Structures are given as C-alpha cells and as structure tokens.
Amino acid sequence: MNTQLSRIGMALLAAACSGLAVAATEADVEASFNPYKGGFPSFPGLAVGTVINKDNVDKFKDAMDAGLYMSVKNGWTELKVGPTTQFTLNQAYIDASKKGINQAKLGAKNGEMSGFQAGRPFPEEPKLDDPRAGEKIAWNYKYGINWGDNAAIYPFYWKYRNMTTGQVERTIKFNFHFLNFKHRVQDAPVPEVTPNPSELFRGIYVQVQEPQDLKNTQLLIQRYEDDLKFDDAYLYLGFQRRVRRLATGQQTDAFLGSDLMIEDFEGYNGRISDMKWTYKGAKNILMPYYNHNELQLTDEFKEADGYKYVDYSGQGGCFPNITWQLRKVFVLEAEPVNPAHPISKRVFHIDAQVYNINRTLIYDRKGELWKSWTIGKSHPDHHHPKNKGTGIAIDDSFSMVDVQSKHCTTGQFKGLIDVKLNPPNLFQVQNMRGGN
C-alpha cells in the first residue's frame, strides 16, 4: 500500500511540474470571468470619493503598487477612488473559453503550446506552487480580448512632455489598427481570416497623421501563431518613401523618440518566449478602470461626433484625470531572456477579470525603477456609442513616466470596436508601399 501511495504521490508531483496537475472546470471559467461573485474587495478607510494625496498616501500604501505609491508620495499626482464595477467580457469569448476547457497544453519549452482553439487558455486560478503559472498567465494575456477580434484607435494623440517644466515638446496624431487573424470568436470571418499562408496570429498597423514632418510614417507588426518565430516589423518613413524591415533589437528602441518602445505597446507587445515568467501572487490594488463618460474630459480636440478625450494634470501634465478602482490583480514578473535587453525586468499587474495589463513597473539593467506605465480602461457601455454592448474593455488613456529622466509620454484614445476600419489587406507590407 505504501508503495502504491508513493507512486500516486510521484505521479501527482510530476503532473504538477508539467503544469497539468488539476483539470479546470466550468466553475473555474465562471470564477475567472467573475472574480467578484462573492463581493467586491475592500480596504480600511478606502471609500468611493476618497482622494489619496501625499498627506494620506501611507494609509493606503498596501492598496497600490510601488510605482503608483511613489508618484503620489512625491506629490506628482492625486488619486480619486471610484466604485469597483463589473467589466463583464464578451459572451462569445466566454463561451469559447468554456468550449476549450483543458484543450490548451504547455509544451516542453517556454513559448510552446498545443491544442488551443479560442478564448482564455488557462482559466483556472493561478497557484504559487505551480512553476509554470506565470507562463499560463502570459498566454491568457496574449490570447486575451484586448480590442477583440479587430478594432482601431482612430485617432490617437501622443504628447511628449517635460515632467519638470510641463512643456509639451511634441504632439503626434496617429491611427492604430488591430486585427486577430486567428482565434476569432465573434466578427466574421470566424474562427480565422483566410488566406493566411504565413500563419499570422495578429497584426498591428500604425500610421502617423500629424505633424507634417512625420506624416504617413507607418509601422506594421506581424505576429506569428508560432511564438518561437520572431515577429516581422516594418517601418515606412514618408520622407524616404521606402519600407524597411526592423531588426529584432529595434523593437526595444524608443519609438519615434517617445518614452515607449514597441515592446511596451498594449502593456506588453512581445513573444511569450522572449521572457522568463514568474507568478508573484494575487492582490487587491487600485487600478485605472473607470467610466469614460463620467469623467471631466478635455475640449482640446474637436471630433465631429462630439467625442471628448481624457484630460491630464499633475506633475508636468503626466497623469490622467481618471478615477481608480480597487480590483483583483495577478502580479507577474517578466525577465528578458536576452542579456542585451535594455531592461532587467517588468512587473505586470494584470487585471484578474479582464486579463489586460494596466499597471507596469519597468526596471533598468541595474535593477532600479526606470518607468511607471499606466493604461486606463473604460467600460465599453460608458464610452463611445460604437462600443456599447461589445463586452470589450476599452483602452482609453496612457501615461509612460520615466521617473529617472523626469519625462513622460501620454496618450489620449478614441478607441472604436469596428470591423470595417480593419480590413486584412491593411496589415500587409504592400499596403505600406501604397503610401495611403
């Protein structure tokens, strides 16, 4: 009997080490998409309407990440607390997650996975004693519902700001487009765009509208279904009138002189295999989730449909005027596998319901905090009318603060869930040569 128990124990241990210890259930899927079924989180003294500033921030230190705490403690910004709300995701994506329970299997190498069809690959609650929990979270993010099957930021304003003086050094107006070629759940064609001979998973296409010296600069990123294949990235510079392929290392350079690298897009825009992933646990902290239409918005940019953008204030105008929700997050550490990478690690705070990256701490090669990265999320039903009922949380504001050089880049979005804005031919190199 002891021998038999020993064999069972060894089998369970082996299964745990391979990431297959316990099969997920439909209850796991439901809990993953509704972590607040038992009630919303709370924190002593933290109530709706509370304003956290440098005078009272120490009371709430454990309700925020280290970079956010530092920003408030330094007097750079204040936080206004809003109610925690449900960000119920797209039903087709939830249904796909239920249909695909336990189909996704990790491979022997980081970046290998088989059996996945659509939805959230690993809906079970991550466990600290699972050595591959971090990798599973990363896959959930990669195949998450950020922008859905297809969407556009149309337009997208970036401002480069001197954090000390408040001077806006440059404003760039972009259009950004996103398309999932595979694992589509709702918008035709489902489940994939064909033909797709290169076996692409996703495309991102960027075009500069203003200023004149950068007008028609274009960026195209093609991500392969095979995570072990490097992305293809192409840049078209209007004044040169030619497309050039970006070397892999250029995706970690400053993009058009901003505080962002291409790898920072959407929170993390790289391969699973580019990083070593370590799950650090779950916690309840303040996150930049809100209802866009309930904010005090700016009249700076005029849109024909009356849409208004998030405003900015605080030190150097580097911080969005938004409300913050106390939400459950998974803390995930990502260390580059390439020793020549310009950073030592990122610490992601991934929303447990939406599975998007909304607060990131970026550390330099010496291990010191370099950048504090915020991506604000609006509920789709309280945003542009096109987004109502989509079940897709809308990227709505961003702030990348270089805490060492005291500089920042901010982003103001008009995000639209609209398949017509994202035809597949937009994501091909030939489109860039056309000089649209």
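Note that the structure is predicted; figures quoted are calculated from it, not measured. (Residues numbered from 1 in each chain as written. Predicted model: local features only at pLDDT ≥ 70, side-chain atom pairs only at ≥ 80, totals over all residues. Heavy atoms only, no water.)

**Examining the overall build of the protein chain**
Move 1: Each helix and strand in the protein chain was counted, giving 6 helices and 22 strands.
Move 2: Reported as C-alpha extents along the three principal axes, the dimensions of the protein chain are approximately 80 × 55 × 45 Å.
Move 3: By residue count, 58% of the 436 residues in the protein chain fall in the buried class.
Move 4: Long-range contacts, defined here as pairs at least 24 residues apart, represent 64% of the contacts in the protein chain between residues at least 6 apart.
Move 5: About 18400 Å² of surface is accessible on the protein chain, with carbon and sulfur atoms providing 50% of the total.
Move 6: Computing the positive centroid from 51 side-chain charges and the negative centroid from 49, the protein chain places the two 1 Å apart. (Helix = DSSP H or I, 4+ residues; strand = E, 2+ residues; numbered from the N terminus. Buried < 20%, exposed > 50% of the residue type's maximum accessible area, 1.4 Å probe, protein only. Contact = heavy atoms within 4.5 Å. Areas by Shrake-Rupley, 256 points an atom, 1.4 Å probe, with all protein chains shown as cover. Lys, Arg positive; Asp, Glu negative; His and termini not counted. Charge placed at Lys NZ, Arg CZ, Asp CG, Glu CD.)

**Quick look at the state of the cysteines**
Disulfides are covalent bonds that connect the sulfur atoms of two cysteines.
Move 1: Counted under the stated rule, the structure contains 1 disulfide.
Move 2: One disulfide bridge connects Cys318 with Cys408, the sulfur atoms lying 2.1 Å from each other. On the sign convention where negative is left-handed, the bridge of Cys318 and Cys408, at about -85° about the S-S bond, is left-handed. Residue Cys318 is located in the loop between β15 (312–313) and β16 (319–320), and its partner Cys408 is located in strand β22 (residues 407–416); the two are separated by 90 residues in the primary sequence.
Move 3: Owing to a relative accessible area of 0%, Cys408 belongs among the buried residues under this scheme. (Disulfide = S-S within 2.5 Å.)

**So, the pairing of strand β8 (residues 218–224)**
Move 1: Counting buried positions along β8 gives 7 out of 7 residues, so the element sits mostly inside the fold.
Move 2: The alternating pattern of β8 places Gln218, Leu220, Gln222 and Tyr224 on one face and Leu219, Ile221 and Arg223 on the opposite face, and all of these are buried.
Move 3: With 7 bridges joining them, strand β7 (residues 200–210) and β8 adopt antiparallel strand pairing. Across the sheet, residue Gly203 finds its bridge partner in β8, namely Gln222.
Move 4: Here β8 pairs with strand β9 (residues 232–237) via 5 bridges, running antiparallel. Each bridged residue has a counterpart across the sheet, and for Gln218 the counterpart in β9 is Tyr236. (Pairing = 2+ DSSP bridges.)

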